[in-house]
Amino acid sequence: MNIHVIGIGLIGGSMVLDIKSLHPDATIYGIDTNENHLAEAIALGVIDKAATFDDLGTADFVIVSVPVDVALIVLPKVLDAIGENTIVFEVGSTKTPICEAIANHPRRRNFIATHPIAGTEFSGPSAAIRNLFQGKTNIICEVEKTTFKLQEKAVELFKSMGMRIRYMDPKSHDKHIAYVSHLSHISAFMLGKTVINKEKDEQDIFDMAGSGFESTVRLAKSSPAMWTPIFKQNKKHVVKTLEEYISNLSKFKDLLINDDFEAIYNEMQSVNKIKEILNGMKK
């Protein structure tokens, strides 16, 4: 089995680590514009060899794991280079622009649009970890446009990594992910900014930062190179979620100003049901 991963970071790197565990005889090839990443990935055992687009003709699987703006450019080139029985999947956090970019490509049937909802705030080859996808959901979009034989091949691989499969159209995916992922990252970035700006005047503020602050702001350590294109591609839905979020923050501020602490209590109590929702997701 020949596996090619384009963009050797958290998601692509973790995927090939799992594949190597499941298929010890597989050869993992890496393609990356960053030569240091290639060398690091080989040294860490994430990939076996460096490769180029000219080598994709013999690939069984091609994993495209690059920033979503780069994926728009890379994917058509990948589809141009692959063999008849190669399955290509892209793992980014937006799906509508990706699907539109290759909608009319002659080898569209060799492509499957996916979004494994898993990750950490870290990036680069050293961020790759085994079993990242165990118990996680993998969204697959426009599965009907992928030839059935290759659908089966991809889904079998995803399930062997422990992923649950969910099918969704690209527009619904982008709308829903704006709420549960993209808004979370914006909130973390802006919370981090608020505290950093205040810390300029009050040097002791980080001495008081406990685990609650650390867990809330964790996503602010995520790569701007990855997240700026995501916000650009999903701008419409992200703006809508921000409007709703800002409205809720403003209402909360008004309750404080008006000393309406009973309403504040009721607001927080009503949101406590998020525990039941999250526990259901874990099950």
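Computed from a predicted model, the values in this text were never measured in an experiment. (Residues numbered from 1 in each chain as written. Predicted model: local features only at pLDDT ≥ 70, side-chain atom pairs only at ≥ 80, totals over all residues. Heavy atoms only, no water.)

**Student:** Explain the side chain of His 105 to me, please; I cannot follow it from the model alone.
**Tutor:** By secondary structure assignment, the location of His 105 is in the loop between α4 (96–101) and β6 (111–116). From its side chain, His 105 meets the backbone oxygen of Pro 76 in a polar contact 3.5 Å long. Of note is the side chain of His 105, whose polar atom sits 2.7 Å from the side chain of Asp 80. (Helix = DSSP H or I, 4+ residues; strand = E, 2+ residues; numbered from the N terminus. Polar contact = N/O pair within 3.5 Å; in protein donor to acceptor, adjacent residues only side chain to side chain.)

**Student:** Looking at this structure, I do not really get the domain arrangement of the chain. What am I missing?
**Tutor:** How big an interface is tends to be stated in terms of the accessible area lost upon association of its parts. Its domain assignment divides the chain into domain 1 (2–168) and domain 2 (173–282). The straight-line distance from the C-alpha centre of domain 1 to that of domain 2 is 30 Å. The three residues of domain 1 that bury the most area against domain 2 are Ser 93, Thr 94 and Glu 121, which together make up 40% of that side's buried surface. Taken together, the connections running from domain 1 to domain 2 amount to two salt bridges. If you list the elements that add at least two residues to the side of domain 1 that touches domain 2, you get α3 (68–81), α4, β7 (137–141) and β8 (164–168). Considering each element in turn, the side of domain 1 that touches domain 2 owes the most residues, three residues, to α3. Of the residues contributing to the side of domain 1 that touches domain 2, the split by class is eight nonpolar, six polar and four charged. (Domains from an automatic or database assignment. Buried area = accessible area lost by both parts, 1.4 Å probe. Salt bridge = Lys/Arg side-chain N within 4 Å of Asp/Glu carboxyl O. Nonpolar A, V, L, I, M, F, W, Y, C, P; charged D, E, K, R; others polar.)

**Student:** Hey, could you run me through the nonpolar core in this one?
**Tutor:** Considering soluble globular proteins, one finds that nonpolar side chains tend to be buried as a cluster. Membership of the largest hydrophobic core comes to 35 residues, with the highest contact counts inside it found for Met 15, Ile 63 and Phe 89. Listing elements by their share of this core, those giving two or more residues are β1 (2–6), α1 (10–22), α2 (35–44), β4 (61–64), β5 (87–90) and α5 (148–160). Per-element tally for this core: the top contributor is α1, with six residues. Leaving out residues up to four positions away in the same chain, Met 15 has contacts with Ile 63, Phe 89, Val 91, Pro 116, Phe 133, Phe 158, Met 161 and Met 163. Residues Val 62, Val 64, Ala 71 and Val 88 belong to the second largest nonpolar core, which totals 24 residues. (Core = buried A, V, L, I, M, F, W, Y, C linked by side-chain atoms within 4.5 Å. Buried < 20%, exposed > 50% of the residue type's maximum accessible area, 1.4 Å probe, protein only. Contact = heavy atoms within 4.5 Å.)

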